[in-house]
Amino acid sequence: MTTMDTAFEQALAVGRPPNIKTIFPHSKALIVSGKAIDRAMRKKGQAMTIAANSRSNAVLRGALLAAQKADAAIILEIARSESNYCNVTMWNLARQADQAMNELGITVPVAIHADHYGIKKPGDVAEARREIPTLFEAGITSIAIDASHLPDEENLLANIALAPVVPGWAGYETEVGEIKGKSGLSTPDEALFLIRGLNANGIHPDWIALNNGTTHGIEASATGIQVALTAEIHKALAPYGISGAQHGTSGNSSDKLKEIAALTATTKANVATALQMIAWGVAVNDYGNAIMDAAGAFIKQPGQGLDDALWAEMVGYADGKAIKAGDYKKLNCVFENKILAQPKDVRDRMAGAVAEFVTWLLTDVFNAGGTASLCIEALLAAGSHDLGPKAGRIEDPAEWTREKILERAKSLSHDKGPEGDFDD
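I will try to describe carefully the structure that is included in this document.

On to the pairing of strand S8 (residues 243–246). Burial along S8 is two-sided: Ser243 and Ala245 and Gly244 and Gln246, pointing in opposite directions, are all buried. Pairing between strand S7 (residues 207–210) and S8: three bridges, direction parallel. Bridged to alanine 209 within S8 is alanine 245. Looking at chain direction, S8 and strand S9 (residues 266–271) are connected through three bridges and run parallel. Counted as the bridge partner of glutamine 246 is alanine 269 from S9. With helix H10 (residues 254–263) bridging S8 and the parallel S9, this β-α-β connection has right-handed handedness.

Printed below as a string of structure tokens:
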């Protein structure tokens, strides 16, 4: 047995969280906390990994194959809202990942992330307190509490209320400024308000997501992600050990993404739309955006991705239901069984196309190559699945009571701009 084999076996023994050991007691899949993934990126420096939005089994398999080839620790994720229109959900993502990892011989660490767990009004908190524990019972190892479209004080109070139902060992992402493009960009003051208030209450997120100019979907923004703004906010948050989570990377060039990795504290980059389109065989550009023809329709590449006849059926269904290009993501649930019923060579070429694209992202754009080994080293050094917080309590709890939070928030702008689409 080689040294690497020994390290992997040791990591399996100590690095898998208790929920993963419970539901997959005999597994050889190294499913870990999101904290471990973040630590590996920070250890390498100027590196971020993919949070692959796994709307389909083909995307999930392709991302895993790429991670293995790149020796990269990665994250597989699905959003709460997407669990309503995809067969892959927050309650079965870990099970699909564990099966694929064992089948494919994947030995890199992988976190399972519940993205955009949305809190749209204060009344949602009670339901979330009941539901979030079931996610971890189903194998989630990392979560994003997204109350960003609420006023700043309600966002902070929702996070404080929900943190106790998130296991201390789990990856934790928080968000400030609803993601919607160039409107209502996040500010250092808003981010500091959220993170200082959490810190005072003994809550130490691993990541913060910002509205830094990105959008979700297939359309490229005129300006895209604001790297300088992102770096400024990350610098302000540095004493609290916060890394960045970059949403909506589709729509930004590889050069822009390289800048984010090199110039900010981002360690997690969500990729969704591009992976879906590549799996289907739709032509995309360097930005990960689908290329449209003169009539505004997707360009399906013959002999790539989906069986051409199945693609034609999907387009016909979308036309019949008046589903716009930006909402093609909602075809996943309707057609997943038919996609899985395609011949193996078709399914393999779908996963293979995703793997090729993700390998390029991980190695040439995100600088994540070699981070799987770093992640395993971190787990072995800790001798535990729980790597703890990156910073201790800095803020005085007496200065961040509910009453003082409400008073402090009065100095912040409550103009967040028009509502956006926060589905990744």
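Between helix H11 (residues 273–280) and helix H14 (residues 344–365), whose axes approach to 7 Å, the crossing angle comes to 140°. With respect to H14, the element H11 is oriented oblique. Between H11 and H14 lies a crossing of right-handed hand. Counted together, Ala274, Leu275, Ile278, Ala279 and Trp280 of H11 and Met350, Ala353, Val354, Phe357 and Val358 of H14 form the full contact between these two elements. For the contact of H11 with H14, a count of residues per class yields 10 nonpolar, no polar and no charged.

Here the focus is the side chain of aspartate 38. Relative to the helices and strands, aspartate 38 resides in helix H3 (residues 34–44). Residues contacting aspartate 38, with those up to four places away along its chain left out, are Asp206, Trp207, Ser243, Thr267 and Lys390.

Here strand S2 (residues 49–53) lies mainly inside the structure; five of its five residues are buried. Examined bridge by bridge, S2 and S9 share four bridges and lie parallel to one another. When the sheet's bridge partners are listed, alanine 52 is paired in S9 with valine 271. Two strands pair when backbone bridges link them, and S2 and strand S3 (residues 74–79) are joined in this way by three bridges, in the parallel orientation. Bridge pairing in S3 places alanine 51 opposite isoleucine 75.

This part takes up empty space enclosed by the protein. According to the stated counting rule, one finds five cavities of 30 Å³ or more in the structure shown. Around the largest cavity, the lining is made up of 14 residues, and of these Thr249, Leu257, Tyr287, Phe357 and Leu361 lie nearest the centre. Mapped onto the lining of the largest cavity, the elements with two or more residues apiece are H10 and H14. Considered class by class, the residues forming the lining of the largest cavity number eight nonpolar, five polar and one charged.

Turning our eyes to something else, we now look at helix H4 (residues 57–70). Its 14 residues give H4 an end-to-end C-alpha distance of 20 Å, which sits within 8% of 20 Å, the value for a rise of 1.5 Å per residue. Most of H4 is tucked away, with 11 of its 14 residues classed as buried. Immediately beyond the C-terminal end of H4, within one or two residues, lies aspartate 71, with a positive phi of roughly 50°.

Further remarks concern the packing of H4 against H14. Packing of H4 against H14 brings their axes to within 7 Å, and their N-to-C directions diverge by 45°. One finds that H4 runs oblique with respect to H14. Like other packed secondary-structure pairs, H4 and H14 cross with a definite hand, here right-handed. Residues Ala58, Val59, Arg61, Gly62, Ala63, Leu65, Ala66, Ala67, Lys69 and Ala70 of H4 form the contact with H14, whose participating residues are Met350, Ala351, Val354, Ala355, Val358, Thr359, Leu362 and Thr363. Tallied by class, residues from the contact of H4 with H14 come to 13 nonpolar, three polar and two charged.

This next bit is on the nonpolar core. In terms of nonpolar packing, the biggest core is built from 130 residues, with Ile50, Ile74, Leu76, Ile132, Trp280, Leu362 and Phe366 touching the most fellow members. At eight residues, H4 tops the list of elements feeding residues into this core. Once residues within four sequence positions are removed from consideration, phenylalanine 366 is found in contact with Gln46, Ala47, Met48, Thr49, Ile50, Leu257, Ala261, Ala269, Val271 and Leu361.

Going through the model one piece at a time under the given rule, you end up with eight aromatic pairs. When the ring of tyrosine 317 is compared with that of phenylalanine 335, the centres are 5.5 Å apart and the planes differ by 85°; the resulting orientation is edge-to-face. Pair noted here: tyrosine 317 is in helix H12 (residues 308–320) and phenylalanine 335 is in helix H13 (residues 331–340), with a separation of 18 residues, a long-range link. The class of tyrosine 317 is partly exposed, set by a relative accessible area of 31%. Here the aromatic residues Trp280, Phe298, Trp311 and Tyr328 are joined through ring pairs into a cluster of three or more. Geometry around tyrosine 117 places arginine 80 over its ring, the cationic atom sitting 4.1 Å from the centre. We note arginine 408 situated over the ring of tryptophan 400; from NZ or CZ to the ring centre the distance is 4.1 Å.

Quick notes on the rules
- Residues numbered from 1 in each chain as written.
- Predicted model: local features only at pLDDT ≥ 70, side-chain atom pairs only at ≥ 80, totals over all residues.
- Heavy atoms only, no water.
- Buried < 20%, exposed > 50% of the residue type's maximum accessible area, 1.4 Å probe, protein only.
- Helix = DSSP H or I, 4+ residues; strand = E, 2+ residues; numbered from the N terminus.
- Pairing = 2+ DSSP bridges.
- Right-handed = clockwise from strand over helix to strand, strands pointing away.
- Axes fitted to C-alpha atoms, helices over the stretch in contact; angles between N-to-C directions.
- Parallel < 35°, antiparallel > 145°, perpendicular 65-115°, else oblique.
- Left-handed = near helix turned anticlockwise from the far one by under 90°.
- Contact = heavy atoms within 4.5 Å.
- Nonpolar A, V, L, I, M, F, W, Y, C, P; charged D, E, K, R; others polar.
- 1 Å grid on protein atoms, 1.4 Å probe; cavity = no way out; pocket = protein on both sides within 12 Å on 5 of 7 lines; lining within 4 Å.
- Points joined across faces, edges and corners; volume = space filled by probe spheres on them.
- Expected span 1.5 Å × (residues − 1).
- Core = buried A, V, L, I, M, F, W, Y, C linked by side-chain atoms within 4.5 Å.
- Phe/Tyr/Trp six-rings, centres within 6.5 Å; stacked < 30°, edge-to-face > 60°.
- Lys NZ or Arg CZ within 6 Å of the ring centre and 35° of its normal.

In short, geometric facts, not functional conclusions.
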